[in-house]
Amino acid sequence: MYQSPRRLCSALLQRDAPGLRRLPTPGLRRQSSPPAAVPRPAAAPRPASPLLLAAASAASGAVRSCSRTACSMGNGTSRLYSALAKTLNSSSASQHPEYLVSPDPEHLEPIDPKELLEECRAVLHTRPPRFQRDFVDLRTDCPSRHPPIRVMQWNILAQALGEGKDNFVQCPLEALKWEERKCLILEEILAYEPDILCLQEVDHYFDTFQPLLSRLGYQGTFFPKPWSPCLDVEHNNGPDGCALFFLQNRFKLVSSANIRLTAMTLKTNQVAIAQTLECKESGRQFCIAVTHLKARTGWERFRSAQGCDLLQNLQNITQGAKIPLIVCGDFNAEPTEEVYKHFASSSLNLNSAYKLLSADGQSEPPYTTWKIRTSGECRHTLDYIWYSKHALSVRSALDLLTEEQIGPNRLPSFNYPSDHLSLVCDFSFNEEPDGLL
Ligand SMILES: NC(=O)C1=CN([C@@H]2O[C@H](COP(=O)(O)OP(=O)(O)OC[C@H]3O[C@@H](n4cnc5c(N)ncnc54)[C@H](OP(=O)(O)O)[C@@H]3O)[C@@H](O)[C@H]2O)C=CC1
Ligand SMILES: [Mg+2]
């Protein structure tokens, strides 16, 4: 049985990365006696229109050519609102066919994460406080010489699906307003400072996540679903898909593959991104992948086939497990499903990181998504972070929200932006991986 973890630690505080840029998150770090919720400090009121007007030019591309001289550092608020404000109507990814191409980071002015956080808080000042979650210390005996790699897995809920298709009957539409919900998503990312961010249901890549996260030092890749259901929603913002971001000061991109998953040799509507990264501190390479498998009951065999295809692709990329692997995803499958069993028994020697939060290390958490649809309450474990169990160790994992925190109306809510919880783990390389990875 899954039990509440006991070994709590403040991994946000412990996770030092000497010589590396860490994203400071004042006010979000743990206190010695953690409250159930993290209050947002009094925030400045939203700036007047001139700042929002400045946003238009930034998000429409001017930001890329805005030199330090032209945008003085003194006007940080203006620059941040420029980045935050929704000004682009990126109506479809067809406007941006080069999914792999990120703007040259040298042409993007860096954002101070603290300032971005303050901007988010200013937008969110009428919302209830965000929930407190703790990292659970899972450290094994073998200390690592290098700072851990923090990986975040999150189905952030596509804006078009949340407003148009998902039928979250207990969630008021007001709670889903993009201008505020995007700040809740950004706040969550800024709170946990992931080195690698694996997202599903991203339908605001080009106008929100790519420009902002690249200015925070991330390199991003987006692969939309070929027939995204978002496109059926009126006033959609383009297709949803998977996105993968990594911190450029920690990793070098070695190779990248956008994979359209097949099932029984047929091309499907589900995708994955797999990248080989090299750690700049240790020189060690590993593969990181993100996917979102087919949803809904009745599609179990289809998901299983998609999982087999993904495993085969990953086998090829890792040259039969010669480099370690981390696979993040919304698998849309409970641990009882065939696709889960394929991953658990694969020759790639994978383990599911969140099992380590259970007392016996063998049980998945009771839920990673919890929502109420017209059909009733849906509480499921669908999201996973798989890792090469011989080559990598999980040093800590972020605990899930409790039922009490989630509340009677479940997710999404005014406090939490998605129907899926984020999963966050700290990994380290084992110094001497035993035998085959
Ligand atoms: N124009 C065309 O020719 C085509 C259009 N399509 C469109 O795509 C859709 C199917 O695409 P596909 O990729 O297979 O989608 P999926 O069945 O995988 O689901 C799409 C999204 O719906 C969410 N979802 C899951 N269960 C429910 C539910 N009970 N009610 C509402 N939403 C739910 C899922 O969220 P989560 O993962 O969080 O559970 C997921 O993000 C079609 O319905 C159609 O709209 C598809 C093919 C061709
Ligand atoms: Mg969904």
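Keep in mind that this is a model prediction, so the values were computed, not measured. (Residues numbered from 1 in each chain as written. Chains lettered and ligands numbered in written order. Predicted model: local features only at pLDDT ≥ 70, side-chain atom pairs only at ≥ 80, totals over all residues. Heavy atoms only, no water.)

Inspection of the secondary structure assignment puts Leu-231 in the loop between β7 (218-224) and β8 (241-247). Leu-231 sits 70 residues away from Leu-161 along the chain, and the two C-alpha atoms are 9.4 Å apart. Apart from residues no more than four positions distant in its own chain, Leu-231 is found in contact with Asn-236, Gly-238 and Pro-239. (Helix = DSSP H or I, 4+ residues; strand = E, 2+ residues; numbered from the N terminus. Contact = heavy atoms within 4.5 Å.)

Let us now look at the nonpolar core. Ranked by size, the top nonpolar core spans 76 residues in total, and within it Ile-196, Phe-286, Ile-288, Ile-326 and Phe-427 carry the most contacts. Looking at this core, the element that brings in the most residues is helix α6 (residues 178-192), giving 9 residues. Setting aside residues up to four positions removed in sequence, Ile-288 forms contacts with Val-151, Ile-196, Cys-198, Leu-244, Ile-273, Ala-274, Gln-275, Leu-277, Ile-326 and Cys-328. With 22 residues, the next largest nonpolar core counts Ala-289, Leu-311, Leu-314 and Val-327 among its residues. (Core = buried A, V, L, I, M, F, W, Y, C linked by side-chain atoms within 4.5 Å. Buried < 20%, exposed > 50% of the residue type's maximum accessible area, 1.4 Å probe, protein only.)

We now examine the pattern of salt bridges. Tallied over the full model, the rule gives 18 salt bridges. Here Lys-165 makes a salt bridge to Asp-232, at a shortest N to O gap of 3.4 Å. Taken together, the residues Lys-165 in the loop between α5 (159-164) and α6 and Asp-232 in the loop between β7 and β8 connect sequence positions 67 residues apart. Between Arg-303 and Glu-337 there is a salt bridge; the shortest N-O distance is 3.0 Å. One end of the pair, Arg-303, is in helix α8 (residues 300-317); the other, Glu-337, is in the loop between β12 (325-330) and α9 (338-344), with 34 residues separating them in the sequence. With respect to class, Arg-303 is no different from Glu-337; both count as buried. Connected through shared salt-bridge partners, Arg-130, Arg-133, Glu-187 and Glu-188 make up one network. (Salt bridge = Lys/Arg side-chain N within 4 Å of Asp/Glu carboxyl O.)

It is worth spelling out unusual backbone geometry at this point. Of note, the bond from Leu-411 into Pro-412 is cis; its omega dihedral lies within 30 degrees of zero at -10 degrees. Its identity as a non-glycine residue notwithstanding, Thr-265 has a phi of 70 degrees, on the positive side. Relative to the elements of secondary structure, Thr-265 occurs in the loop between β9 (251-263) and β10 (266-279). The exposure class assigned to Thr-265 is exposed, which follows from its relative accessible area of 75%. The phi angle at Asn-332 is positive, at roughly 50 degrees, despite the residue not being glycine.

Given a rise of 1.5 Å per residue, 15 residues ought to cover 21 Å, and the 21 Å separating the end C-alpha atoms of α6 matches this to within 8%. The element α6 is largely enclosed, with a buried count of 14 among its 15 residues. Glu-193, located one to two residues past α6, shows a positive phi value of around 50 degrees. (Expected span 1.5 Å × (residues − 1).)

Another point: the environment of Arg-130. Its place among the elements puts Arg-130 in strand β3 (residues 130-131). In sequence terms Arg-130 and Ala-160 are 30 residues apart; their C-alpha atoms lie 23 Å from each other. In this structure the side chain of Arg-130 is engaged in a polar contact, spanning 3.2 Å, whose partner is the side chain of Glu-188. (Polar contact = N/O pair within 3.5 Å; in protein donor to acceptor, adjacent residues only side chain to side chain.)

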